[in-house]
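Remarks on the overall topology
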Amino acid sequence: MNLDELLHNENLSRDEIVYLLNLERREEISQLFQRADEVRKKFCGDEIHLRGVIEFSNYCSCNCLYCGLREDNFSIERFRMTADEIIGTAKLIYSHGIRTIVLQSGEDTIYDTDLISFIIYSIKKEFDIAITLSLGQRGFQEYQSWKYAGADRYLLKHETANEKLYEKYRDNLKLADRLNHLRYLKKLGYQVGSGNMIGMPLQTVEDIADDILFCKELDVDMAAICPFIPAPFTPYQNRKHGDALLTLKSMAAARIVLKDVHIPATTALDSIEEDGREQGLKGGANVIMPNFTPMPYRGKYTIYPGKRGIHDEPKAAFASLQKRVEALGRKISVSKGDSPKLTSE
Ligand code: SAM
Ligand code: SF4
């Protein structure tokens with residue numbers, strides 16, 4: 001197969017994506033990253049979009065086998081932030097010039113329809129900022145209410161497009177339901193993010209190719225691809241973490257296939273690989289999601305151990321992030337960073 005021709009193919013097949021994921025020679029892998037960088041530049045430009053993340057509750061009623069927040073993990077101390085604390089943190093994010101916040105939590109229905117609506121409305125009333133929700137699978141009516149309240153985007157990773165593995169990883173939940181939620185969110189007009197983990201037990205490169213094609217079929221606005229990192233006191237605690245290079249290759253292949261989507265250089269990648277963030281940004285990524293969860297809580301949102309930046313103060317972390325971005329010759333966006341699909345229309 002001629003690699004250059006393949007990298008310029010507008011419509012890669014499953015086998016061709018697998019071929020890219022299996023590349024081993026250094027020069028060929030560099031070619032893959034270079035092409036992903038070109039496609040990123042063409043469809044998304046040079047700006048890097050920041051999303052300030054607030055992890056406001058680590059309570060979860062689900063039992064995903066891979067996640068440190070799973071309900072059956074009795075070893076972690078649970079917390080919930082108040083509405084005032086969440087709104088105050090949104091203000092801090094805004095004061096750093098960041099124009100998107102991500103409200104993330106376990107599936108925690110103590111934050112009911114009205115409470116989440118109130119938080120969204122209160123933030124949108126005061127600040128010109130986009131809101132991404134990442135609250136797991138909630139009710140269809142709730143999604144609708146939160147859209148009315150002003151939410152802009154929803155991040156709900158499909159985790160794996162392999163039905164059998166999905167049921168295994170998510171304690172018998174169904175991939176078809178996840179897909180229905182994702183489709184409904186799109187129908188409501190949310191900009192939708194999905195994505196998957198790399199290096200999960202029993203996962204093959206064919207599964208990863210299917211994950212990328214799943215994102216294509218769903219026409220997502222963002223694809224978040226991160227390495228799996230084993231968390232203590234979970235069924236997968238003794239597994240190996242996902243491979244950083246395979247994660248980078250998957251992100252690059254996703255960029256070439258999906259083109260006009262946002263792709264984050266994730267904290268998980270940065271946690272297992274020195275300069276993981278930079279490598280991601282050089283190979284197709286265009287988004288960074290700095291953590292603004294206040295200090296007393298941040299250390300308790302233990303999806304996985306060894307999260308980079310867990311002790312950093314927001315101000316210092318932000319300054320260091322700016323330097324890292326400038327060193328790449330890129331610049332931080334001052335816009336809300338809506339989906340490239342919307343902005344190119
Ligand atoms: N509860 C919501 C949900 O599941 O969509 C949002 C919070 S959940 C902690 C956010 C993401 O964390 C998941 O979509 C999953 O991909 C990721 N995650 C969970 N456990 C992980 C692990 N051990 N390693 C890497 N990422 C993980
Ligand atoms: Fe809960 Fe999300 Fe973790 Fe699953 S991945 S256990 S839904 S927080």
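Refer to the structure printed above.
First, a word on scope: everything that follows refers to the structure included in this document. (Residues numbered from 1 in each chain as written. Chains lettered and ligands numbered in written order. Predicted model: local features only at pLDDT ≥ 70, side-chain atom pairs only at ≥ 80, totals over all residues. Heavy atoms only, no water.)

Brief notes about the nonpolar core
Test applied: Side-chain atoms within 4.5 Å are what join buried Ala, Val, Leu, Ile, Met, Phe, Trp, Tyr and Cys residues into a set we call a nonpolar core. To sort residues, take the accessible area from a 1.4 Å probe on protein chains only and compare it with the maximum for the residue type: under 20% means buried, over 50% means exposed, and anything in between is partly exposed. In this text, helices come from DSSP runs of H or I with a minimum length of four residues, and strands from runs of E with a minimum of two, each type numbered from the N-terminal end. Contacts were defined at the residue level, with two residues in contact if any of their heavy atoms lie within 4.5 Å.
Within the largest apolar cluster, 103 residues are counted, with the highest numbers of intra-cluster contacts made by Leu 133, Trp 146 and Tyr 190. Broken down by element, the residue count for this core peaks at 10 residues, all from helix α10 (residues 244-258). Not counting chain neighbours up to four residues away, the residues in contact with Leu 133 comprise Leu 103, Ile 120, Trp 146, Ala 151, Arg 153, Tyr 154, Leu 155 and Tyr 190. By size, the runner-up hydrophobic cluster in this structure holds 7 residues, among which are Leu 155, Met 222, Ala 224 and Val 287.

Examining the sheet that holds strand β9 (residues 331-332)
Stated precisely, the cut-off is as follows: Criterion used throughout: strands pair if DSSP finds at least two bridges between them.
Judged by pairing direction, the sheet is parallel, and its 3 strands sit side by side in the order β8-β1-β9 without closing on themselves. Looking along the sheet, the strands with just one partner apiece sit at the ends: β8 (287-288) and β9. When strand β1 (residues 47-50) meets β8, the two strands line up parallel, connected through 2 bridges. Across the sheet, Leu 50 pairs through a bridge with Ile 288, a residue of β8.

Overview of the sheet that holds strand β7 (residues 222-227)
For the record, the criterion: Axis definition: a line fit to C-alpha positions, over the contact stretch in the case of helices; interaxial angles, taken between N-to-C directions, run 0 to 180 degrees.
Spatially, the 6 strands line up as an open sheet ordered β2-β3-β4-β5-β6-β7, and their pairing is parallel. Lying at the two open borders of the sheet, with one neighbouring strand each, are β2 (52-57) and β7. Pairwise comparison of adjacent strand axes, ignoring direction, gives a mean angle of 20° for this sheet. As judged from the 3 bridges shared by strand β5 (residues 153-155) and strand β6 (residues 191-198), these two strands associate in the parallel manner. In the strand pairing of β6, Arg 153 is matched with Gln 191.

Topic: the environment of Gln 279
For clarity, the cut-off: Each polar contact in these results corresponds to two N or O atoms within 3.5 Å; when the atoms are within protein, one needs to be able to donate a hydrogen and the other to accept it, and residues that are neighboring in sequence are counted only if both atoms are side-chain atoms.
You can see Gln 279 is positioned in helix α12 (residues 276-282). Linking Gln 279 and Phe 214, residues 65 residues apart in sequence, is a C-alpha distance of 24 Å. Ignoring any residue separated from it by four or fewer positions in sequence, one finds Gln 279 in contact with Leu 248, Glu 273 and Glu 274. Among the polar contacts listed, one links the side chain of Gln 279 to the side chain of Glu 273, at a separation of 3.1 Å.

Considering empty space enclosed by the protein
Which entries qualify depends on this criterion: Points on a 1 Å grid over protein atoms alone make up a cavity when a 1.4 Å probe fits among them but cannot get out, and a pocket when they form an open set with protein on both sides within 12 Å along at least five of seven lines; lining residues each have an atom within 4 Å of a point. Grid points are joined across faces, edges and corners, and a volume is the space filled by probe spheres set on the points.
Within the structure shown, the criterion is met by 2 cavities of 30 Å³ or more. Empty space within the largest cavity amounts to approximately 130 Å³. Lining the largest cavity we find 14 residues, and of these Arg 51, Thr 132, Arg 153, Gly 193 and Met 222 sit closest to its centre. When residues of the lining of the largest cavity are traced back to their parent elements, those giving at least two are β5 and β6. If you add up the space inside the second largest cavity, you get close to 30 Å³. Along its surface, the second largest cavity is lined by Arg 277, Glu 278, Leu 281, Ile 288, Leu 321, Arg 324, Val 325 and Leu 328. Secondary-structure elements contributing two or more residues to the lining of the second largest cavity are α12 and α14 (314-327).

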